[in-house]
Amino acid sequence: MSSHVRVRFAPSPTGFFHIGSARTALFNWLYARHTGGAFILRIEDTDEARNNPAYLQLIYDSLRWLGLNWDEGPDAGGSFGPYLQSQRGAIYQDYLEKLKATGRTYEKEGALFFRISGETQVINDAIRGPVERKEEKDFVVVRSNGTPIFHLTNVIDDIAMEVTHVIRGEDHLSNTSKHVELVKAFGAPMPIYAHLPLILKQNGPGKMSKRDQGALVEDYRKRGYFPEALDNFLALLGWSPKDDTEKMPLEEVARRFDIPGINKSNVRFDEKKLAHMNMLYLLGAPADDFLARVRAHFQLVGSAEATRALNADSAYFREIMALTQPKVKTIEEVLAYTGYFFTDEFPVDPKARDKILAKGDAAARVRELSEGLASADFSSDQSIEQAVQSIASAHNLTLSDYVHAGRLAVSGTNVGPSFYSLYRVLGKERVMQRLGAFRA
RNA sequence: GUCCCCAUCGUCUAGCCCGGUUAGGACACCACCCUUUCACGGUGAGAACAGGGGUUCGAAUCCCCUUGGGGACGCCA
């Protein structure tokens, strides 16, 4: 199905890609996919001083990582190109001639100004309803150095690219009266404007900016977050499916998404809820997918510990991760959670040690385990459990007495996977060696 | 300062348009259960209609004001 809907995401390559941009891109993408329309990526690189090719690449990478594919754009083609504003000079010249022909422009101090109409403009915002605003003074459309300004290029491109819906942040609502004046001056059809509520920083006043904690998409990528989780979380920031569904694959969100379902009020970013959403995706991921993401994350981390883990036997690695997936909330926890599997030089958590030592004679329990397990069968959780059970019975103690001390001895911590699975995966040789080396 | 937008638990929200709900869900927090630890999971608790006026038999829901929050006022985008 296709429709006439054409939406665009129009970022500037002047900084890191942040959550607010991702949300704007996502909502445009969702609307395009919902309607069967086109999602256009247009790069607004008219500020030569602040543009940076690295940031342009980051826009592509971030959108791809989020799974937001574009139908038209700098590297995707399309019949309305070029999609880099820096390459559209001739188009702007043509439109500028039309604008000059209306008699509404004049030069002052070397810059070209646009004369406002003085009329109150009514913006029929698809989210907010009718909004009245009047421009107070003429504004610059071409700088004295000859380069066109945002308001001009943005409006011209939306006209030239036949954009039907302008979905952007509410910070642009005040600009929209300028844009409406320009669209009218060009005699072009008015796009439907939809101004999204802003994302506010988690703590303190004001909207979220690139400098705020947790504001960069890149961070979540580096931390091994599932992009599906970020998408899902972002979709729920200002939009709701109206029933209580929260976890939804992007295709489902796209199917259910519509502009009337978007809320008007600003929203506060909540990293905890994002983390929870991420956990849901992590728990639901196929084991192979989890494994691949862990490996990719370890590669990205690149530390000695990460490299050591990556160099471990792949079947061993896989078994460790099978135990780990149900226990962690984020990929970034995995390295610390599994460190002791990959080295005998693991650190001992002093708090865990004190806690376990306070409960009983850990050294004795470990010694008993070491003796009792010498002839045990490590091939299954059950066989290990049976062995530990008989050790416990022989000493008139409980499983719990052995489990805690036994875990501390082989892992240096009191948290981790199921005790018997831990021993099975570590393997008899490592377990016996570590039990023997244990000193309370 | 001027203009514009917004207003339900701490947070994201359902309910609002088309007045009658014990105002529902999720995250977070707390308690308990599950349990060999830690998580997960389960159960439960606390937690909101910003305030004031109207309209109405009846207002979270409609109207106005106040307050609060946010945004814009660039030869940035």
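Computed from a predicted structure; not experimentally measured.

Draft legend 1. Fine view of the overall build of chain A. Each helix and strand counted, chain A has 19 helices and 11 strands in total. For 440 residues, the compact-globule estimate of 2.2 N^0.38 gives 22 Å, and chain A exceeds it by more than 25% at 30 Å. Its C-alpha atoms give chain A principal-axis dimensions of roughly 100 × 45 × 45 Å. By residue count, 52% of the 440 residues in chain A fall in the buried class. Contacts spanning at least 24 positions in sequence make up 73% of the contacts within chain A whose residues lie at least 6 apart. Taken together, the 54 basic and 56 acidic charged side chains of chain A have centroids lying 3 Å from each other.

Draft legend 2. Examining the layout of surface pockets more closely. In this structure, the largest pocket occupies an estimated 1000 Å³ of space. Along the wall of the largest pocket there are 41 residues; nearest its centre are Ala 10, His 18, Ser 21, Asp 171 and His 172. Going through the elements one at a time, strand S1 (6-9), helix H1 (19-35), helix H2 (53-65), helix H4 (150-160) and strand S8 (165-169) are the ones with two or more residues in the lining of the largest pocket. Looking at which element gives the most residues to the lining of the largest pocket, the answer is H1, with 4 residues.

Draft legend 3. Quick look at the packing of helix H3 (residues 89-101) against H4. One can describe the packing of H3 onto H4 by two numbers: an axis separation of 11 Å at closest approach and a directional angle of 100°. Taken together, the axes of H3 and H4 are roughly perpendicular relative to one another. Touching Ile 91, Tyr 92, Tyr 95, Leu 96 and Leu 99 of H3 are Leu 152, Thr 153, Ile 156, Asp 157, Ile 159 and Ala 160, all from H4. Class assignment of the residues belonging to the contact of H3 with H4 gives a composition of 9 nonpolar, 1 polar and 1 charged.

Draft legend 4. Summary view of the pattern of salt bridges. Applying the stated rule across the entire model yields 29 salt bridges. With a shortest N-O distance of 3.0 Å, Arg 223 and Glu 332 are connected by a salt bridge. With Arg 223 in the loop between helix H6 (217-222) and helix H7 (227-235) and Glu 332 in the loop between helix H12 (314-324) and helix H13 (334-338), this residue pair connects regions lying 109 residues apart in the sequence. Under the relative-accessibility criterion, Glu 332 is labelled partly exposed at 32%.

Draft legend 5. Representation of the side chain of Arg 434. Turning to its location among the elements, Arg 434 is positioned in helix H19 (residues 428-437). For Arg 434, a relative accessible area of 3% puts it in the buried group. Polar contacts involving the side chain of Arg 434 include one to the main-chain carbonyl oxygen of Val 410, which spans 2.7 Å. Here Arg 434 is in contact with Tyr 340, Phe 341, Thr 343, Asp 344, Phe 346, Ala 409, Val 410 and Leu 426, once residues within four sequence places are set aside.

Draft legend 6. Region of the structure containing the pairing of strand S6 (residues 129-134). Looking at chain direction, strand S5 (residues 120-125) and S6 are connected through 6 bridges and run antiparallel. Pairing of Ile 123 across the sheet is with Val 131, part of S6. Adjacent in sequence and paired antiparallel, S5 and S6 are bridged by 3 residues.

Draft legend 7. Representation of the protein's contact with RNA strand B within the structure. For RNA strand B, the set of nearby residues contains 60 residues, the closest of which are Arg 50, Arg 143, Lys 242, Lys 327 and Asn 414. For RNA strand B, the backbone portion of the atoms within 4 Å of the protein, that is sugar and phosphate, comes to 73%. Arg 143 is positioned with one of its side-chain polar atoms (N or O) 2.4 Å from a phosphate oxygen of RNA strand B. Of all elements in the fold, only S6, H4, strand S11 (267-268), helix H9 (271-284), helix H17 (399-411) and helix H18 (419-426) reach the threshold of two or more residues within the surface near RNA strand B. By residue class, the composition of the surface near RNA strand B is 19 nonpolar, 18 polar and 23 charged.

Draft legend 8. Quick peek at the nonpolar core. With 110 residues, the main nonpolar core has Leu 30, Phe 298, Met 321, Leu 373 and Tyr 423 as its most contacted residues. It is H1 that provides the largest number of residues to this core, a total of 9 residues. Those residues in contact with Tyr 423 that sit more than four places away from it in its chain are Leu 369, Leu 373, Phe 378, Ile 384, Gly 406, Arg 407, Val 410, Val 431 and Leu 435. Counting 29 residues, the second largest nonpolar core, distinct from the first, contains Ile 40, Phe 114, Val 141 and Leu 182.

Draft legend 9. Representation of helix H15 (residues 362-373) in the model. The terminal C-alpha atoms of H15 lie 16 Å apart, and with 12 residues this matches the ideal 16 Å at 1.5 Å per residue to within 8%. Those residues of H15 that sit buried are Ala 362, Ala 364, Arg 365, Val 366, Glu 368, Leu 369, Ser 370 and Leu 373. Those residues of H15 hidden inside the fold are in contact with helix H14 (350-359), helix H16 (381-394), H17, H18 and H19.

Draft legend 10. Focus on the packing of aromatic side chains. Per the stated rule, a full pass over the model turns up 18 aromatic pairs. Both rings, one in Phe 317 and one in Phe 342, keep their centres 5.9 Å apart while their planes meet at 35°; by these two values the pair is tilted. Of this pair, Phe 317 sits in helix H12 while Phe 342 is found in the loop between H13 and H14, placing the two residues 25 residues apart along the sequence. Since its relative accessible area comes to 0%, Phe 317 is described here as buried. You can call Phe 342 buried: its relative accessible area is 12%. A network of ring pairs unites the aromatic residues Phe 298, Tyr 316, Phe 317, Tyr 340, Phe 341 and Phe 342 as a single cluster. The ring of Phe 80 has Arg 6 lying over it, and the distance from NZ or CZ to the ring centre is 4.0 Å.

Conventions we followed
Residues numbered from 1 in each chain as written. Chains lettered and ligands numbered in written order. Predicted model: local features only at pLDDT ≥ 70, side-chain atom pairs only at ≥ 80, totals over all residues. Heavy atoms only, no water. Helix = DSSP H or I, 4+ residues; strand = E, 2+ residues; numbered from the N terminus. Rg over C-alpha atoms; globule rule 2.2 N^0.38 Å. Buried < 20%, exposed > 50% of the residue type's maximum accessible area, 1.4 Å probe, protein only. Contact = heavy atoms within 4.5 Å. Lys, Arg positive; Asp, Glu negative; His and termini not counted. Charge placed at Lys NZ, Arg CZ, Asp CG, Glu CD. 1 Å grid on protein atoms, 1.4 Å probe; cavity = no way out; pocket = protein on both sides within 12 Å on 5 of 7 lines; lining within 4 Å. Points joined across faces, edges and corners; volume = space filled by probe spheres on them. Axes fitted to C-alpha atoms, helices over the stretch in contact; angles between N-to-C directions. Parallel < 35°, antiparallel > 145°, perpendicular 65-115°, else oblique. Nonpolar A, V, L, I, M, F, W, Y, C, P; charged D, E, K, R; others polar. Salt bridge = Lys/Arg side-chain N within 4 Å of Asp/Glu carboxyl O. Polar contact = N/O pair within 3.5 Å; in protein donor to acceptor, adjacent residues only side chain to side chain. Pairing = 2+ DSSP bridges. Near = heavy atom within 4 Å. Core = buried A, V, L, I, M, F, W, Y, C linked by side-chain atoms within 4.5 Å. Expected span 1.5 Å × (residues − 1). Phe/Tyr/Trp six-rings, centres within 6.5 Å; stacked < 30°, edge-to-face > 60°. Lys NZ or Arg CZ within 6 Å of the ring centre and 35° of its normal.

Read these as spatial facts, not as claims about activity.
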